[in-house]
Amino acid sequence: MIKKLILFALFGITISGHSQLSESLHQMKSDPEPDFATYEQLFFDATEYIFDNPVNFKSEEFVSACRIVDFWKNEDTGINVPIFGSFYNSLNPKSNQRYFYMIAITNYILNEKLNNDRYLKNTKIEGKKYSEQEDVKESQIEGAKIFLDYVSNKNNGLILNSKSKKFLKAHERGRLDEVFFD
């Protein structure tokens, strides 16, 4: 009897947690004036959900997580996502790889802000080359690590081309920083 109660409780938690992003997306979209500060944690949770689960555009929760990201990616969030460079250019533009890399950078920036009290502004500093700023470089390479860890799981169905495989191999060897900014 106790085993059945535990199994029922776990099943109930799974079902109730299953539609959380879908419900939050609906609530956010129905907000007449959504304020990013109110939904920042939801945005982070959506990016976390994406990287904790295989790519599945048939899953309501996965699609909801992507829609939350899409909702905020063109809004003024104060989050500047530096997507450029040799790694970005190596990703197949006809696949979702560049999209997931953008989400990975966003995930890193939000994680630093929410969990480590570090704000990576990634804004142009007068007199410095944008691509050489420390916050920009950190955001790009750490986002790439998140993305490459995700891609390395074959269940995610994001297959790299030969140009981007060199970055994955370097990452697996702990040498991503040696090839990333070439």
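Values in this document were obtained by computation on a predicted structure and should not be read as measured data.

S.K.: What is the right way to read the nonpolar core from this model?
M.R.: Nonpolar side chains in soluble globular proteins tend to end up buried together. Counting 45 residues, the largest nonpolar core has Ile 50, Ile 68, Phe 87, Phe 100, Tyr 101 and Phe 147 as the members making the most contacts within it. Listed by contribution, the elements that provide at least two residues to this core are helix H2 (20-30), helix H3 (36-52), helix H4 (60-73), helix H5 (86-90), helix H6 (97-116), helix H7 (134-151), helix H8 (162-172) and helix H9 (176-180). Of the residues forming this core, the biggest block, ten residues, is contributed by H6. Those residues within four positions of Ile 50 in sequence are excluded, and the remaining contacts are Phe 62, Ala 65, Cys 66, Val 69, Phe 100, Ile 103 and Tyr 150.

S.K.: What's the story with the environment of Cys 66 in this structure? I'm lost.
M.R.: Along the chain, Cys 66 turns up in helix H4. Judged by relative accessible area, Cys 66 falls into the buried class, the value being 5%. The sequence separation of Cys 66 and Tyr 49 amounts to 17 residues, and the corresponding C-alpha distance is 9.3 Å. Setting aside residues up to four positions removed in sequence, Cys 66 forms contacts with Ile 50, Phe 57 and Tyr 99.

S.K.: Explain a positive patch on the surface here, please?
M.R.: Taken together, Lys 154, Lys 165, Lys 169, Arg 173 and Arg 175 make up a surface patch of like positive charges. Following the sequence through the fold, Arg 173 ends up in the loop between H8 and H9.

S.K.: Looking at this structure, I do not really get unusual backbone geometry. What am I missing?
M.R.: A negative phi angle is the norm for most residues apart from glycine, just as the trans form is the norm for most peptide bonds. Non-glycine residue Asp 117 carries a positive phi angle of around 55°. We classify Asp 117 as exposed; its relative accessible area is 71%. At Asn 122, a position not held by glycine, the phi torsion is positive, near 55°. On the secondary structure map, Asn 122 appears in the loop between H6 and H7.

S.K.: Explain the packing of H2 against H3 here, please?
M.R.: Relative placement of two packed helices is described by the angle separating their axes and the distance separating the axes. Between H2 and H3, the least distance of the axes is 11 Å, while the angle of their chain directions is 145°. Seen from above, H2 lies across H3 with left-handed handedness. Of H3, the residues touching H2 (which contributes Leu 21, Ser 24, Gln 27 and Met 28) are Tyr 39, Leu 42, Ala 46 and Tyr 49. Of the residues contributing to the contact of H2 with H3, the split by class is six nonpolar, two polar and no charged.

What counts as what
Residues numbered from 1 in each chain as written. Predicted model: local features only at pLDDT ≥ 70, side-chain atom pairs only at ≥ 80, totals over all residues. Heavy atoms only, no water. Core = buried A, V, L, I, M, F, W, Y, C linked by side-chain atoms within 4.5 Å. Buried < 20%, exposed > 50% of the residue type's maximum accessible area, 1.4 Å probe, protein only. Helix = DSSP H or I, 4+ residues; strand = E, 2+ residues; numbered from the N terminus. Contact = heavy atoms within 4.5 Å. Patch = residues over 30% accessible without salt bridge, like charges linked within 9 Å, V, L, I, M, F, W, Y side chains within 5 Å. Areas by Shrake-Rupley, 256 points an atom, 1.4 Å probe, with all protein chains shown as cover. Salt bridge = Lys/Arg side-chain N within 4 Å of Asp/Glu carboxyl O. Lys, Arg positive; Asp, Glu negative; His and termini not counted. Charge placed at Lys NZ, Arg CZ, Asp CG, Glu CD. Axes fitted to C-alpha atoms, helices over the stretch in contact; angles between N-to-C directions. Left-handed = near helix turned anticlockwise from the far one by under 90°. Nonpolar A, V, L, I, M, F, W, Y, C, P; charged D, E, K, R; others polar.

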